[in-house]
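Understanding the architecture of this molecule
Spelled out from the first residue to the last, the chains are:
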Amino acid sequence: MATNNEILIIGPPGSGKTTFAAQLYGRLIGKKGKLQQDFSPENIDGIKSAFYRLADGLETEPTSSTDNLEVKIPVIYEGQKFVLHCKDYGGEQVRDLVALMEYDETWIDRAKTNDRWILFIRPSEIEHRFDLSKKGYAIKDQKETKALSSSTSDQSRFIELLQVLLHARGTGMKSPIDTPRLLIALTCWDELSTNLKPEEILQQKMPLFAHFIAANWLSGAFMVVGVSAQEFPLQTDEARDKYLDEMPQNFGYLVLDDNPREKDLTRLIEKVLSL
Ligand SMILES: Nc1nc2c(ncn2[C@@H]2O[C@H](COP(=O)(O)OP(=O)(O)OP(=O)(O)O)[C@@H](O)[C@H]2O)c(=O)[nH]1
Ligand SMILES: [Mg+2]
């Protein structure tokens, strides 16, 4: 069966979904990237308001858990026209999928109709990996104990999330998965201050999850990239002024194999379409 070009971005609260959507929109209207806006879409208010907040040097606001925003942006990619469906919803919905282990019609529809999934993970929020070599040692530091236990559950939560969505889609896991294609986006990359590659960070921070993906997806049907949609935190006046003066379109980058500082954020879409 042919794989369609519908893309679903999946990510827990605070993983950077809205910021990326706003920055992607800026790149599309800027018409300098691989993907360009063809003509103005209707009803793009949700993304626009996030875009204007960034232009004012302000962070995006958390998306309400009841919001299900869907905008259709007509784009041109390599001379071909198609409609990019941008979906934004409160990440709380994603958290509930795992916490309650249940999904509604909206999520069944999302899981089924989108053959390409982008999973947003913010590695700086995944504390320490669970290190089996430490098992058996008395751990004196309470903080460390807490970090270790939260890291295993962080990883298993992402595994469970994918399992719930595959179940909703009706995709079995007995043979390696070809569709949905999966792009794992490690977001807020700037927070890591690292020269490592995205695959290495995934392996280092989430070895269990990395193993789960490699064991269940066909090689070539998934990839890992780094994303810094905002480029730096907007928590100081200096940072906010930078955004005001230079415009959000000039900030943000991807970490790809062929370019570890790719400023064209639209290439994330190109990458997921190329899988
Ligand atoms: N440093 C840094 N911060 C970022 C980046 N992208 C987003 N953030 C910050 O991360 C926070 C969450 O970003 P959002 O885009 O609102 O996250 P979300 O996934 O839409 O969250 P929900 O709507 O709650 O599901 C905000 O404070 C952003 O400013 C980035 O590339 N770098
Ligand atoms: Mg949001």
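Our subject is the structure that appears above.
Conventions adopted
Residues numbered from 1 in each chain as written. Chains lettered and ligands numbered in written order. Predicted model: local features only at pLDDT ≥ 70, side-chain atom pairs only at ≥ 80, totals over all residues. Heavy atoms only, no water. Helix = DSSP H or I, 4+ residues; strand = E, 2+ residues; numbered from the N terminus. Buried < 20%, exposed > 50% of the residue type's maximum accessible area, 1.4 Å probe, protein only. Salt bridge = Lys/Arg side-chain N within 4 Å of Asp/Glu carboxyl O. Near = heavy atom within 4 Å. Polar contact = N/O pair within 3.5 Å; in protein donor to acceptor, adjacent residues only side chain to side chain. Areas by Shrake-Rupley, 256 points an atom, 1.4 Å probe, with all protein chains shown as cover. Nonpolar A, V, L, I, M, F, W, Y, C, P; charged D, E, K, R; others polar.

Thoughts on unusual backbone geometry
Peptide bonds are trans in most cases, and residues, glycine excluded, mostly fall at negative phi. Here the bond from Thr179 into Pro180 is cis, since omega is 5 degrees, no more than 30 degrees from zero. Checked against the element boundaries, Pro180 lands in the loop between helix H5 (142-169) and strand E6 (181-186). In this structure, Lys31 is a non-glycine residue whose phi angle is positive, near 55 degrees. Looking at the secondary structure, you find Lys31 in the loop between helix H1 (17-30) and strand E2 (35-37). Since its relative accessible area comes to 40%, Lys31 is described here as partly exposed.

Considerations on the pattern of salt bridges
A side chain with one charge can pair with a side chain of the opposite charge if their charged atoms come near. This model, assessed by the stated rule, comprises 16 salt bridges. Between Lys34 and Glu270 there is a salt bridge; the shortest N-O distance is 3.0 Å. Taken together, the residues Lys34 in the loop between H1 and E2 and Glu270 in helix H9 (residues 267-274) connect sequence positions 236 residues apart. We classify Glu270 as buried; its relative accessible area is 10%.

A word on the site of ligand 1
As a matter of local geometry, ligand 1 sits amid 24 residues, with Lys17, Thr19, Thr63, Gly91 and Asp190 nearest to it. One of the backbone nitrogen or oxygen atoms of Ser15 is found 3.2 Å away from an oxygen atom of ligand 1. A distance of 3.0 Å is found between an oxygen atom of ligand 1 and a backbone nitrogen or oxygen belonging to Gly16. The fraction of the free accessible surface of ligand 1 (650 Å²) that becomes covered by protein chains is 91%. Ranked by residues supplied to the shell around ligand 1, first place goes to H1 with three residues. Split into classes, the residues belonging to the shell around ligand 1 amount to seven nonpolar, eleven polar and six charged.

These figures come from the coordinates and say nothing about function on their own.
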